[in-house]
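What the coordinates show
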Amino acid sequence: MLLKQAMKTFTAAALGLSVLAGGAITAAQAAEITLRATANSNENDEDYDGLVVFKDFVEKASNGAIAVELFIGTQLCSTGAECLQGIADGSIDIYISTSGGASGIFPYVQVLDLPYLLRDDRIAEAVLTEGTFTRAMREQMLADSGGMIRLMTIGNTGGWRNFANTEREIRSPADMKGLKIRTVVADLPQELVRAMGASPTPIPWPELFTSFQTGVVEGTQNGITDIMGMKFPDAGLKYLTLDGHSYMGALWYMNNDRFMGLDEGMRRVVVDGFAALQQATFASPKRKSIEAYKEFAAVGGSVYVPTMEEKAKFKETAAPVFEWFKTNVQGGTTFYDLLVAEAAKASEMIDGAAMKDMQ
């Protein structure tokens, strides 16, 4: 694989670029260490919220020894593969991707897109905060990247994926039959749409608005903040079903040599900074979704919340996707079993505590 070969050619000069490149601000010039962090989003996004918290924490906790430069947008790189290559060769220190953005290199990250495995925010956050799942994925990514790409934490970027469309209210998988649903290029989201009886149609994100207008696609899988941020109701999107089929995980990476090159005290500061970032990205979509749902209703949008029985039917219909993942994705069975086990452990803990609190 070209990426793996490129990782093996990592040089000290490339590592130096991560410190010297770009217009360093005064704080960066005064710092002993400068970390370059990028997110292919904008300042209204949860990724930006997380990076602002990370920057503030790390710069303060290091007493100014570490400066964090934020590059929001595509100044440093524009695609998942390109940005991960930047992490591998050291030209970028920190980067965030969705599972779709990394699946071409680390296919098992698609486990985060498997539908209906994580019941709600509390379960998802407990699994990702406890760390067993994240550490296992970190170890695999380090092995697969020749020790260059280190997964630091997994947060959230947009809440939960739900089915939304321009045509009709969806209460069951049968209501999705024949709809053209936008997906990313990754295989797993396309398999899910097929399992629901709809037609997957890969469309680049910037082209989705026009694709709704022209009828190229009739539906999508997104959270409400993304839907309203892109003004999709203006393109005809008006039906939203809160089936919450997958948690929109945000994978945060760091160049491993860069991280391990820090002394132990600074490594702890960075680790704690990513913990603060994670918590910020957990909270941001919840707050932003309140206003987004109000805006959706104000422009005529319709929201349907499936009953427990209806949601069970969605999960039952999606069952072939689990087998496809375990059969076709390298490492799929390992990460599927681990995520299911960690979700069950979190559920038992949370439900047990709730029962005590209800007495």
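Residues numbered from 1 in each chain as written. Predicted model: local features only at pLDDT ≥ 70, side-chain atom pairs only at ≥ 80, totals over all residues. Heavy atoms only, no water.

The next thing to look at is empty space enclosed by the protein. A probe matching the size of a water molecule, rolled over the atoms, marks out where space remains unfilled. Taken as a whole and assessed by the stated rule, the structure comprises 2 cavities of 30 Å³ or more. Of the pockets and cavities examined, the largest cavity occupies roughly 50 Å³. Among the elements that line the lining of the largest cavity, the one with the most residues is strand S8 (residues 239-255), at 4 residues. Taken together, the residues of the lining of the largest cavity break down into 9 nonpolar, 3 polar and no charged. Considering only enclosed or pocket space, the second largest cavity measures out at about 40 Å³ in volume. Taken together, Thr-98, Ser-99, Leu-112, Asp-113, Thr-157, Arg-161, Tyr-247, Met-248 and Gly-249 make up the full set of residues lining the second largest cavity. (1 Å grid on protein atoms, 1.4 Å probe; cavity = no way out; pocket = protein on both sides within 12 Å on 5 of 7 lines; lining within 4 Å. Points joined across faces, edges and corners; volume = space filled by probe spheres on them. Helix = DSSP H or I, 4+ residues; strand = E, 2+ residues; numbered from the N terminus. Nonpolar A, V, L, I, M, F, W, Y, C, P; charged D, E, K, R; others polar.)

The two faces of a sheet get side chains in turn, since along a regular strand they alternate between them. For strand S5 (residues 180-183) and strand S6 (residues 199-202), the ladder comprises 4 bridges, and the chain directions are parallel. Looking at S6, one finds that Ile-181 is bridged to Pro-200. With respect to chirality, the unit in which S5 leads through helix H9 (residues 187-195) into the neighbouring parallel S6 is right-handed. (Pairing = 2+ DSSP bridges. Right-handed = clockwise from strand over helix to strand, strands pointing away.)

Next up on the list: the state of the cysteines. The tally for this structure, following the rule as stated, stands at 1 disulfide. There is a disulfide in this structure between Cys-77 and Cys-83, and the S-S distance comes to 2.0 Å. Of note, the bridge from Cys-77 to Cys-83 carries an S-S torsion of about 105° and is right-handed in sense. Taken individually, Cys-77 and Cys-83 each receive the classification buried, so the pair is uniform in this respect. (Disulfide = S-S within 2.5 Å. Buried < 20%, exposed > 50% of the residue type's maximum accessible area, 1.4 Å probe, protein only.)

Mapping Arg-138 onto the fold places it in helix H8 (residues 132-144). With 14 residues separating them in the primary sequence, Arg-138 and Met-152 have C-alpha atoms 7.4 Å apart. With near-sequence residues (within four places) excluded, Arg-138 lies in contact with Arg-150, Leu-151 and Met-152. (Contact = heavy atoms within 4.5 Å.)

Considering the arrangement of structural elements, one finds Ser-103 in the loop between helix H6 (99-102) and helix H7 (121-130). Among the polar contacts made by the side chain of Ser-103, one reaches the main-chain carbonyl oxygen of Gly-100 at a distance of 3.2 Å. Other than its neighbours up to four places away in sequence, Ser-103 contacts Val-109, Gln-110 and Ala-186. (Polar contact = N/O pair within 3.5 Å; in protein donor to acceptor, adjacent residues only side chain to side chain.)

What follows is about the packing of H9 against helix H15 (residues 319-328). One way to put it is that H9 packs onto H15 with a least axis distance of 9 Å and a crossing angle of 150°. With respect to their mutual orientation, H9 and H15 come out roughly antiparallel. Like other packed secondary-structure pairs, H9 and H15 cross with a definite hand, here right-handed. On H15, the residues that touch Asp-187, Leu-188, Glu-191, Leu-192 and Ala-195 of H9 are Val-321, Trp-324 and Phe-325. (Axes fitted to C-alpha atoms, helices over the stretch in contact; angles between N-to-C directions. Parallel < 35°, antiparallel > 145°, perpendicular 65-115°, else oblique. Left-handed = near helix turned anticlockwise from the far one by under 90°.)

All right, on to the packing of aromatic side chains then. Applying the stated criterion across every chain yields a total of 10 aromatic pairs. With a centroid separation of 5.3 Å and an interplanar angle of 75°, the aromatic rings of Phe-212 and Phe-232 are classed as edge-to-face. Note that Phe-212 is positioned in helix H10 (residues 208-214) and Phe-232 in the loop between helix H11 (224-229) and S8, a separation of 20 residues in sequence. In terms of burial, Phe-212 and Phe-232 fall into one category: buried. Pairing Phe-322 with Tyr-336 gives two aromatic rings, centres 5.8 Å apart and planes at 40°, and the pair type is tilted. On the criterion of sequence distance, the pair formed by Phe-322 in helix H15 and Tyr-336 in helix H16 (residues 332-357) is long-range, its members being 14 residues apart. Each member of the pair, Phe-322 as well as Tyr-336, is classed as buried. Site record: aromatic cluster; members linked through ring pairs are Phe-106, Tyr-108, Phe-133 and Phe-335. (Phe/Tyr/Trp six-rings, centres within 6.5 Å; stacked < 30°, edge-to-face > 60°.)

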